[in-house]
Amino acid sequence: MSGKLALAVLISGRGSNLQALIDAGRDPAYPAEIKLVISNKAGALGLERAAEADIPTLVIDHKAFETRAAFDAEMTKAMEAAGVELVCLAGFMRLLSEEFVAHWLDRMINIHPSLLPAFKGLDVQQRAIDAGARFSGCTVHYVRHEMDTGPILAQAAVPIYADDDADALARRILEKEHVIYPLAVKWIAEGRVTITDERAVIDGVAAPDGALVNPAP
Ligand code: GRF
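Being a predicted model, the structure only gives us computed values, none of them experimental.

A.B. asks: Break down the domain arrangement of the protein for me, with residues and values.
C.D. replies: Interfaces are frequently sized by the accessible area removed from exposure as the parts join. When its domains are assigned, the protein resolves into domain 1 (1-104) and domain 2 (111-209). Once you take the C-alpha centre of each, domain 1 and domain 2 turn out to be 20 Å apart. On the domain 2 side, the residues contacting the 21 residues of domain 1 number 16 residues. Summed over both sides, the interface of domain 1 with domain 2 buries roughly 1,500 Å², with 74% coming from carbon and sulfur. In this structure, the connection of domain 1 to domain 2 is made through zero salt bridges. The interface formed by domain 1 and domain 2 holds four residue pairs in polar contact (both at pLDDT 80 or more) in total. For the side of domain 1 that touches domain 2, the per-class residue count stands at 16 nonpolar, three polar and two charged.

A.B. asks: Any details on the packing of helix α1 (residues 16-25) against helix α6 (residues 166-189)? Residues and values, ideally.
C.D. replies: Contact pair α1 / α6: the axes reach a minimum separation of 9 Å and the direction vectors enclose 50 degrees. Taken together, the axis directions place α1 and α6 in an arrangement best described as oblique. Judged by the sense of rotation from one axis to the other, the crossing of α1 with α6 is right-handed. Here Ser16, Asn17, Ala20, Leu21 and Ala24 of α1 lie close against α6, whose contacting residues are Leu174, Glu177, His178, Tyr181, Pro182 and Val185. Taken together, the residues of the contact of α1 with α6 break down into seven nonpolar, three polar and one charged.

A.B. asks: Give a description of unusual backbone geometry that names residues and reports values.
C.D. replies: For the peptide bond that leads from Leu116 to Pro117, omega is 10 degrees, which places it in the cis range. Take Pro117: it is sitting in the loop between β5 (108-112) and α5 (124-130). The phi angle at Phe119 is positive, at roughly 60 degrees, despite the residue not being glycine. Tracing the backbone through its elements, the reader meets Phe119 in the loop between β5 and α5. Of note, Asp197 is a non-glycine position whose phi angle comes to about 50 degrees, a positive value. Relative to the elements of secondary structure, Asp197 occurs in the loop between β8 (193-196) and β9 (199-202).

A.B. asks: Kindly report on the packing of aromatic side chains, identifying the contributing residues and their values.
C.D. replies: When we look at a pair of aromatic rings, we describe it by the centre distance and by the angle of the planes. Scanning the model with the defined rule gives two aromatic pairs in all. Ring centres 6.4 Å apart and planes at 10 degrees place the aromatic pair Phe71 and Phe92 in the stacked group. With Phe71 in helix α3 (residues 68-81) and Phe92 in the loop between β4 (86-89) and α4 (98-103), this residue pair connects regions lying 21 residues apart in the sequence. Given a relative accessible area of 9%, Phe92 falls into the buried group. Among the aromatic residues, those joined into a ring-pair cluster are Phe65, Phe71 and Phe92.

A.B. asks: Please give an account of the site of the ligand that cites residues and values.
C.D. replies: In the vicinity of the ligand, the residues found are Arg14, Gly15, Ser16, Asn17, Gly91, Ile111, His112, Pro113, Leu174 and Glu177. Between Ile111 and the ligand, the recorded distance is 2.9 Å, taken from a backbone N or O atom to a nitrogen atom. In this structure, an oxygen atom belonging to the ligand sits 2.7 Å away from a side-chain N or O atom of Glu177. Protein contacts shield 85% of the accessible area of the ligand, which totals 370 Å² for the unbound molecule. Contributions of two or more residues to the shell around the ligand are made by α1, β5 and α6. When its residues are assigned to classes, the shell around the ligand shows three nonpolar, five polar and two charged.

A.B. asks: Describe in detail the side chain of Asn17, supporting the description with residues and values.
C.D. replies: By the secondary structure assignment, Asn17 is in helix α1. For Asn17, a relative accessible area of 7% puts it in the buried group. Within the structure, the side chain of Asn17 is placed 2.9 Å from the side chain of Glu177, a separation counted as a polar contact. Beyond its immediate chain neighbours, meaning those up to four positions away, Asn17 contacts Ala90, Ile111, Leu174, Glu177, His178 and Tyr181.

A.B. asks: Can you tell me about α3, naming the residues and giving the values?
C.D. replies: Counting along an α-helix, one turn takes 3.6 residues, and residues three or four places apart therefore face a common direction. A rise of 1.5 Å per residue sets the reference length of α3, with its 14 residues, at 20 Å; its end C-alpha atoms lie 20 Å apart and thus fit the reference within 8%. Against β1 (5-11), β2 (32-39), β3 (57-59), β4 and α4 lie the buried residues of α3. Gly83 occupies a position one or two residues after α3 and carries a positive phi of about 75 degrees.

Rules and cut-offs
- Residues numbered from 1 in each chain as written.
- Predicted model: local features only at pLDDT ≥ 70, side-chain atom pairs only at ≥ 80, totals over all residues.
- Heavy atoms only, no water.
- Domains from an automatic or database assignment.
- Contact = heavy atoms within 4.5 Å.
- Buried area = accessible area lost by both parts, 1.4 Å probe.
- Salt bridge = Lys/Arg side-chain N within 4 Å of Asp/Glu carboxyl O.
- Polar contact = N/O pair within 3.5 Å; in protein donor to acceptor, adjacent residues only side chain to side chain.
- Nonpolar A, V, L, I, M, F, W, Y, C, P; charged D, E, K, R; others polar.
- Axes fitted to C-alpha atoms, helices over the stretch in contact; angles between N-to-C directions.
- Helix = DSSP H or I, 4+ residues; strand = E, 2+ residues; numbered from the N terminus.
- Parallel < 35°, antiparallel > 145°, perpendicular 65-115°, else oblique.
- Left-handed = near helix turned anticlockwise from the far one by under 90°.
- Phe/Tyr/Trp six-rings, centres within 6.5 Å; stacked < 30°, edge-to-face > 60°.
- Buried < 20%, exposed > 50% of the residue type's maximum accessible area, 1.4 Å probe, protein only.
- Near = heavy atom within 4 Å.
- Areas by Shrake-Rupley, 256 points an atom, 1.4 Å probe, with all protein chains shown as cover.
- Expected span 1.5 Å × (residues − 1).

Below is the structure:
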């Protein structure tokens, strides 16, 4: 028993947020530990990142299951066998069944590349640009059944520049994803988060002061 919060990270691809969690865990003082990485895609780059860090991996191909619930149940079985306490979705490109979300209620979080509740779903960087938004960012939140909803743990805002394309904006956002995801996991692992009236309250954190204006005044 390490006394650390046991994590599973669910991925479908690149796994750069997984990498951020792996890197955070290299600090012996970090209070959470990845016990298992599950991918629904065999070729996911994130699987290599996990293997390099000696973290057990599992490929569970959703196409091998007749129903979404059966696929989800298989993931739950594997995670429970590994003693997982918190599920971290990190670029996991499957919708989740109601049963799965209920089973892991308040024990499953996600990272999304927009300032929720704006721009839920896919293609969010292009949509933020097309909307003429001056800021976007990323959000770590608890998972609820409706996609990209749930109590918010942390957000980071980045400016959108006039000449941005979706890739440039995605890169700027991703850099901040890698900061706030390990931070949110740390707060949970330290027992500092309570959910009251569907809002996550974090003990002992300070709010930033000042405001950002874009374009600059
Ligand atoms: C990230 O932008 C994350 O916010 C979204 O999917 C992407 C995953 O990237 N949910 P990576 O696989 O962690 O590199």
